[in-house]
Amino acid sequence: MAVKLTKNELKTQKDQLKQFQRYLPTLQLKKQQLQIVIRDISAELEKKNSELKAMQKGLDDWVAVFAENQLFDESLRLEKLVEPENVVTGVDNIAGVRIPVFRDLTFKDVVYNVEDYPLWVDTAVFRLKDIARLSALAKTLQRQIELLERELRTTSQRVNLFEKVKIPEAKENIRVIGIYLGDQQTSAVVRGKIAKKKLQGAEK
């Protein structure tokens, strides 16, 4: 886009450059903060996923010892005894991004006849609930990462726009306008001197 070669435009370009240079460090800081938080949450998610796999494996091995779950009627399977109802979350604000924070996972009250199951089923139900809670926590952490990564992409684009486009563009416009105005001033001085000489010549 062609820039106006005027003093007013020079002032506008200088003001914009100041704004860009003042805003850029804030964006860079936000980008850094987002990168650090995403890295920390990713490490936490990896840890929780490892815990989840270990708990699932522990439960599988434990149930396998009894080899009874597969013998139950379809309506009496262990999974039927644990029905998640609602994921309870709060909200946190990270670098201007609202993210969900896991609080708890509630379950439907499932009533079952203890006579239909062996003694170890009560313990299995508790363990299945722990696994479900950990899984819900992991999903919430994953959602946090998705939201923060989306904001990071937007912030990175703005940083690049300021660093590679807006600031260099404003500096170049200031340079071009400065040269033009300088040339105009020089021409005006030269014209003034010529006019003065002509006037002096006419007076003689």
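Just so it is clear, the model here is predicted, and its values are computed rather than measured.

All right, on to the overall build of the chain then. When helices and strands are tallied, the chain shows two helices and two strands. Secondary structure elements of the chain, listed N to C terminal, follow the sequence α-β-β-α. In the chain, the share of contacts with a sequence separation of at least 24, taken over all contacts with a separation of at least 6, comes to 76%. Only carbon and sulfur atoms are counted for the fraction: they give 52% of the accessible area of the chain, which is about 14,200 Å².

A cluster of nonpolar side chains, L5, V176 and Y180, forms an exposed patch at the surface whose accessible area comes to about 210 Å². On the secondary structure map, Y180 appears in helix α2 (residues 121-203). What makes Y180 partly exposed here is its relative accessible area of 34%.

Averaged over all residues, the pLDDT of the chain is 86; the fraction at 70 or higher stands at 85%. Mean pLDDT per element in the chain: α2 is the minimum at 88, and strand β2 (residues 97-107) is the maximum at 96.

Among the nonpolar cores identified, the biggest contains 34 residues, and L78, V121 and L148 are the most heavily contacted of them. If you list the elements that add at least two residues to this core, you get α1 (7-66), β2 and α2. When residues in this core are grouped by element, the largest group, 15 residues, is from α2. In terms of nonpolar packing, the next biggest core, distinct from the first, is built from twelve residues, L10, L24, I167 and A170 among them.

Attention now goes to the environment of V91. If you trace the backbone, V91 turns up in strand β1 (residues 84-94). As a C-alpha pair, V91 and R103 span twelve residues in sequence and 9.9 Å in three-dimensional space. If sequence neighbours within four positions are ignored, V91 has contacts with R98, I99 and V101.

Of note in the backbone geometry, A95 takes a positive phi value of approximately 50° without being a glycine. Among the secondary structure elements, A95 is positioned in the loop between β1 and β2.

Analysis parameters
- Residues numbered from 1 in each chain as written.
- Predicted model: local features only at pLDDT ≥ 70, side-chain atom pairs only at ≥ 80, totals over all residues.
- Heavy atoms only, no water.
- Helix = DSSP H or I, 4+ residues; strand = E, 2+ residues; numbered from the N terminus.
- Contact = heavy atoms within 4.5 Å.
- Areas by Shrake-Rupley, 256 points an atom, 1.4 Å probe, with all protein chains shown as cover.
- Patch = residues over 30% accessible without salt bridge, like charges linked within 9 Å, V, L, I, M, F, W, Y side chains within 5 Å.
- Salt bridge = Lys/Arg side-chain N within 4 Å of Asp/Glu carboxyl O.
- Buried < 20%, exposed > 50% of the residue type's maximum accessible area, 1.4 Å probe, protein only.
- pLDDT = per-residue confidence, 0-100.
- Core = buried A, V, L, I, M, F, W, Y, C linked by side-chain atoms within 4.5 Å.

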